[in-house]
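Here is how the chains run, residue by residue.
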Amino acid sequence: MTEHVLTMTPGRSLRDAARFMAEHNVGAAVILDPEQPGPGIITERDLVRSLGAGQDPDTEHVGDHLTSRATFADSDWDLEEAADAMAAGGFRHLVVVNDGEVIGIISMRDLLHVWRPSSRPA
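The notes below deal with the structure included here. Going along each chain's sequence as written, the residues are numbered from 1 onward. Totals for whole chains, interfaces and linings use all residues, but because this is a predicted model, local features are given only for residues with pLDDT of at least 70 and pairs of side-chain atoms are given and counted only at 80 or more. Note that water and hydrogens are dropped before the side-chain values are worked out from all heavy atoms of the structure.

This part takes up helix H4 (residues 108-115). Asp-110, Leu-111 and His-113 are the residues of H4 that are buried. Here the buried residues of H4 occupy an arc of 160 degrees about the axis, which is enough to place them on one side. Among the structural elements, helix H3 (79-89) and strand S6 (101-107) are those in contact with the buried residues of H4. Relative accessibility decides the category of a residue: with a 1.4 Å probe and only protein chains considered, values under 20% of the type maximum give buried, values over 50% give exposed, and everything between is partly exposed. Helix numbers and strand numbers start at the N terminus; a helix is a DSSP run of H or I with at least 4 residues, a strand a run of E with at least 2. What the arc describes is the spread of directions from the helix axis to the C-beta atoms. Whether two residues touch is decided by their heavy atoms; if any such pair falls within 4.5 Å, the residues are in contact.

What follows covers the sheet that holds strand S3 (residues 40-43). Two orientations exist for strands paired in a sheet by backbone hydrogen bonds: parallel and antiparallel. Whether two strands pair depends on DSSP finding at least two bridges between them. Read across the sheet, 3 strands follow the order S1-S2-S3 without closing on themselves; strand pairing throughout is mixed. Each end of this open sheet is capped by a strand with a single partner; those strands are strand S1 (7-8) and S3. Relative to strand S2 (residues 28-31), S1 runs parallel, the two sharing 2 bridges. Paired with Thr-7 across the strands is Val-30, a residue of S2.

This is the structure we're talking about:
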């Protein structure tokens, strides 16, 4: 799990989200909205869907393109449980929460680094 979670607010533009993810070399960002009960997530896939639909990334807002029906991992899940949830849901990022607070994010890259140590960058 990556404990340094990159977050954004839902009012940012999709271009801002794309730039933010590119600058940090990540495929997702956690969205924190004080108006909502829990976190959201925006992924590369969400950005591609919007662009593919011909929407303007400068006028579209992150909050309107969050991954629907997001699944969150509880902090007591083991790695296999997280991997099973990701495989079953067909997604590549899983936000980890503890008592409603975001404490980390697991990506497919994280899983590969654990199960295939030779895949770690030099």
